[in-house]
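# Summary of the model geometry
Residue strings, one per chain:
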2 protein chains.
Amino acid sequence: MKDTDDKLTNRNIKPTAMRELVLDILTEQKMAISLSDLEQKFHKSDKVTLYRTLKTFEEKKLIHSIDDGTGAVKYALCKESCQCHPEDLHVHFFCLKCQHTFCLSDIPIPSINLPVNFSIENINMVVKGVCSSCND
Amino acid sequence: MKDTDDKLTNRNIKPTAMRELVLDILTEQKMAISLSDLEQKFHKSDKVTLYRTLKTFEEKKLIHSIDDGTGAVKYALCKESCQCHPEDLHVHFFCLKCQHTFCLSDIPIPSINLPVNFSIENINMVVKGVCSSCND
DNA sequence: AAGTTTATGCAACTGAGTTGCAAACTAATC
DNA sequence: GATTAGTTTGCAACTCAGTTGCATAAACTT
């Protein structure tokens, strides 16, 4: 638990049992998960608590949210150094076959030349297609 | 109405009064609009009919949908030639100040080198920031 | 005109996200 | 270690976007 604890305190999040549990679940995921996915990992749980936990994590930049167009926002862990600035962002992939959403952490979002006088704060880029596991 | 009619029939959509009206409204928009935005442009209207109209338009590639992360999907007209293939797609912009969503029709979505064995079908790219009108 | 297909309108529902409030817990102080 | 103040959790209840089923109306077919 020490490690999980540190990750929380490093991000200025008071480590409660609930939050450690949620962080552990998020850590073992290979893909981004939604609030209701998360809810189903608990036998007995309260959606609202999980909701607020995710909000807190996101606010403190421990996780980031991905709007993959499925109607449910997905969440995934940020890298240790991530500040969620445009230059920290990466592309996400949604597989139309297995319906999973992944971080393509190695693929930064290409920079865009916006029209004059537009300023940029954030970018969401989701590629949809078929992932390698489903393409065999 | 002749022109509106043609746009519908060109896309294989049977031109009804309702559909002409919706297409006209969409045509005069400078920004993408949501279902409920559209609903409010009618004094008396049925959400479901508008919903199905938009679905039909989207299916026939007369309009495209934009998931800007606000929780309500927005819609905007496609170019005449658009087939909604990856190469037809452009970047969208959401202004954090005026809360409007625009097509940046002139900015194509940059191509991405996906990992091996990933195939691509579609891309959604939304840049968030402040638009030129709000940046004065 | 009768029959078939398509579009529209109404009611009702689902599911994600959210708020308010009270109880439980934690941390800080005496 | 009891008292208080602040934070977190759990429950109920609600909002709002999107959606389905079904009945009526309109448009096409012969």
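Provided above is the structure to which this section pertains.
The following paragraphs examine the structure supplied in this document. This is a predicted model, so every value here is computed, not measured.

Moving on, we get to the side chain of A:Lys74. Residue and element names in this part refer to chain A. Its location among the elements puts Lys74 in strand S3 (residues 74–77). There is a polar contact of 2.8 Å between the side chain of Lys74 and the side chain of Asp68. What Lys74 contacts, discounting residues up to four positions off in sequence, is Ala32, Ile33, Ser34, Asp37, His64, Ser65, Ile66, Asp68 and Thr101.

It is worth spelling out the protein's contact with DNA strand D at this point. Taken together, 19 residues form the shell around DNA strand D, and within it A:Thr16, A:Met18, A:Arg52, B:Tyr51 and B:Val73 come nearest. When atoms of DNA strand D within 4 Å of the protein are split into backbone and base, the sugar-phosphate part holds 62%. At 2.5 Å, a side-chain N or O of A:Arg52 approaches a base oxygen of DNA strand D. B:Lys55 is positioned with one of its side-chain polar atoms (N or O) 3.4 Å from a phosphate oxygen of DNA strand D. Going through the elements one at a time, helix H2 (17–28) and helix H4 (47–59) of chain A together with helix H3 (35–40) and helix H4 (47–59) of chain B are the ones with two or more residues in the surface near DNA strand D. The element best represented in the surface near DNA strand D is H4(B), accounting for five residues. Among the residues making up the surface near DNA strand D, the classes are represented as seven nonpolar, four polar and eight charged.

Moving on: the sheet that holds strand S3 (residues 74–77) of chain B. Residues and elements named next belong to chain B. Sheet architecture is open: three strands sit in the order S1-S3-S2, paired in antiparallel fashion. Strands at the two margins of the open sheet, each flanked by one partner only, are strand S1 (33–34) and strand S2 (63–66). The pairing of S1 with S3 spans two bridges and is antiparallel. Counted as the bridge partner of Ser34 is Lys74 from S3. The strands touched by H4 within the sheet are S2 and S3, with S2 carrying the most contacts at an inclination of about 110°.

Let's shift gears to H2(A). For H2(A), which comprises twelve residues, the first-to-last C-alpha distance of 17 Å matches the rise-based estimate of 16 Å (1.5 Å per residue) to within 8%. Every buried residue belonging to H2(A) is among A:Glu20, A:Val22, A:Leu23, A:Ile25 and A:Leu26, and all of these are buried.

What follows covers the nonpolar core. A:Val91, A:Phe93, A:Leu114, A:Met125, B:Val91, B:Phe93 and B:Met125 are the most contacted members of the largest nonpolar core, which has 33 residues in total. Mapped by element, the contributors of at least two residues to this core are strand S4 (90–95), strand S5 (101–108) and strand S6 (119–130) of chain A together with strand S4 (90–95), strand S5 (101–108) and strand S6 (119–130) of chain B. Discounting chain neighbours no more than four positions away, the residues touching B:Phe93 are A:Leu114, A:Phe118, A:Ser119, B:His100, B:Thr101, B:Phe102, B:Leu104, B:Val127, B:Lys128, B:Gly129, B:Val130 and B:Cys131.

Around DNA strand C, a shell composed of 19 residues is seen, among which A:Tyr51, B:Thr16, B:Met18, B:Arg19 and B:Arg52 lie nearest. In DNA strand C, atoms within 4 Å of the protein come from the sugar-phosphate backbone in 62% of cases. Between DNA strand C and A:Val73, the relevant distance is 2.9 Å, taken from a phosphate oxygen to a main-chain nitrogen or oxygen of the residue. Between a base oxygen of DNA strand C and a side-chain N or O atom of B:Arg52, the distance comes to 2.5 Å. Among the elements of the structure, helix H3 (35–40) and H4 of chain A together with helix H2 (17–28) and H4 of chain B are those that each provide at least two residues to the surface near DNA strand C. Considered class by class, the residues forming the surface near DNA strand C number seven nonpolar, four polar and eight charged.

Procedures and definitions
- Residues numbered from 1 in each chain as written.
- Chains lettered and ligands numbered in written order.
- Predicted model: local features only at pLDDT ≥ 70, side-chain atom pairs only at ≥ 80, totals over all residues.
- Heavy atoms only, no water.
- Helix = DSSP H or I, 4+ residues; strand = E, 2+ residues; numbered from the N terminus.
- Polar contact = N/O pair within 3.5 Å; in protein donor to acceptor, adjacent residues only side chain to side chain.
- Contact = heavy atoms within 4.5 Å.
- Near = heavy atom within 4 Å.
- Nonpolar A, V, L, I, M, F, W, Y, C, P; charged D, E, K, R; others polar.
- Pairing = 2+ DSSP bridges.
- Axes fitted to C-alpha atoms, helices over the stretch in contact; angles between N-to-C directions.
- Expected span 1.5 Å × (residues − 1).
- Buried < 20%, exposed > 50% of the residue type's maximum accessible area, 1.4 Å probe, protein only.
- Core = buried A, V, L, I, M, F, W, Y, C linked by side-chain atoms within 4.5 Å.

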